[in-house]
Amino acid sequence: MIVQICVGSSCHLKGSEELVGLFEKALEEYDLQFDVALVGSFCTGQCNRVGVTVQIDDETHVGVTKDNFKEFFKTNILDPIKNGRN
């Protein structure tokens, strides 16, 4: 599974650096460092008024914030891996 976090100027201002830290901590907590490749990307052209754009494999998600991170991580990382879709 490849997780790309936008670190372009707009997403940077909306907290992409903090989001990277949350991803790193969660991947370590669930021992998924070798199952998920975490990479930065420049602007994907999917800017949203709130939150950061995150692409998981070929699926783009907008509006990811520190406040909705736990649910986002569970729904889009943990559940697919648990169900063998990584």
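Residues numbered from 1 in each chain as written. Predicted model: local features only at pLDDT ≥ 70, side-chain atom pairs only at ≥ 80, totals over all residues. Heavy atoms only, no water.

Details of the overall build of the protein
When helices and strands are tallied, the protein shows three helices and four strands. Secondary structure elements in the protein, listed N-terminal to C-terminal, are β-α-α-β-β-β-α. At 12 Å, the protein has a C-alpha radius of gyration in line with the 12 Å of a compact globule built from 86 residues. Put simply, the protein has 86 residues, and 37% of those count as buried. Intrachain contacts of the protein at a sequence separation of at least 6 include 65% that bridge at least 24 residues. Carbon and sulfur atoms make up 49% of the accessible area of the protein, which totals about 5,400 Å². Averaged over its 8 positive side-chain charges, the protein has a centre that lies 8 Å from the centre of its 13 negative ones. (Helix = DSSP H or I, 4+ residues; strand = E, 2+ residues; numbered from the N terminus. Rg over C-alpha atoms; globule rule 2.2 N^0.38 Å. Buried < 20%, exposed > 50% of the residue type's maximum accessible area, 1.4 Å probe, protein only. Contact = heavy atoms within 4.5 Å. Areas by Shrake-Rupley, 256 points an atom, 1.4 Å probe, with all protein chains shown as cover. Lys, Arg positive; Asp, Glu negative; His and termini not counted. Charge placed at Lys NZ, Arg CZ, Asp CG, Glu CD.)

Description of the environment of D67
Inspection of the secondary structure puts D67 in the loop between β4 (59–64) and α3 (69–82). The exposed category is assigned to D67, whose relative accessible area is 70%. Considered as a pair, D67 and G51 are 16 residues apart in the sequence and their alpha carbons are 9.5 Å apart.

Regarding the packing of aromatic side chains
Applying the stated criterion across every chain yields a total of five aromatic pairs. Considering the side-chain rings of F23 and F73, the 6.1 Å spacing of their centres and the 65° angle between planes classify their relative orientation as edge-to-face. Here F23 is found in helix α2 (residues 16–29), whereas its partner F73 is found in helix α3, with 50 residues between them in sequence. F73 carries the same exposure label as F23, and that label is buried. (Phe/Tyr/Trp six-rings, centres within 6.5 Å; stacked < 30°, edge-to-face > 60°.)

Digging into the sheet that holds β4
Here we have four strands laid out as an open sheet, ordered β2-β1-β3-β4, and mixed in their pairing. What marks the edges here is a single partner per strand, and that holds for β2 (37–41) and β4. For this sheet the average axis-to-axis angle between neighbouring strands, irrespective of direction, equals 25°. As paired elements, strand β1 (residues 2–6) and β2 share five bridges and run parallel to each other. Residue pairing for β2: I5 is matched across the bridge by G40. Here α2 sits on the sheet in contact with β1, β2, β3 (52–56) and β4, set at roughly 155° to β1. Here α3 sits on the sheet in contact with β1, β3 and β4, set at roughly 20° to β3. (Pairing = 2+ DSSP bridges. Axes fitted to C-alpha atoms, helices over the stretch in contact; angles between N-to-C directions.)

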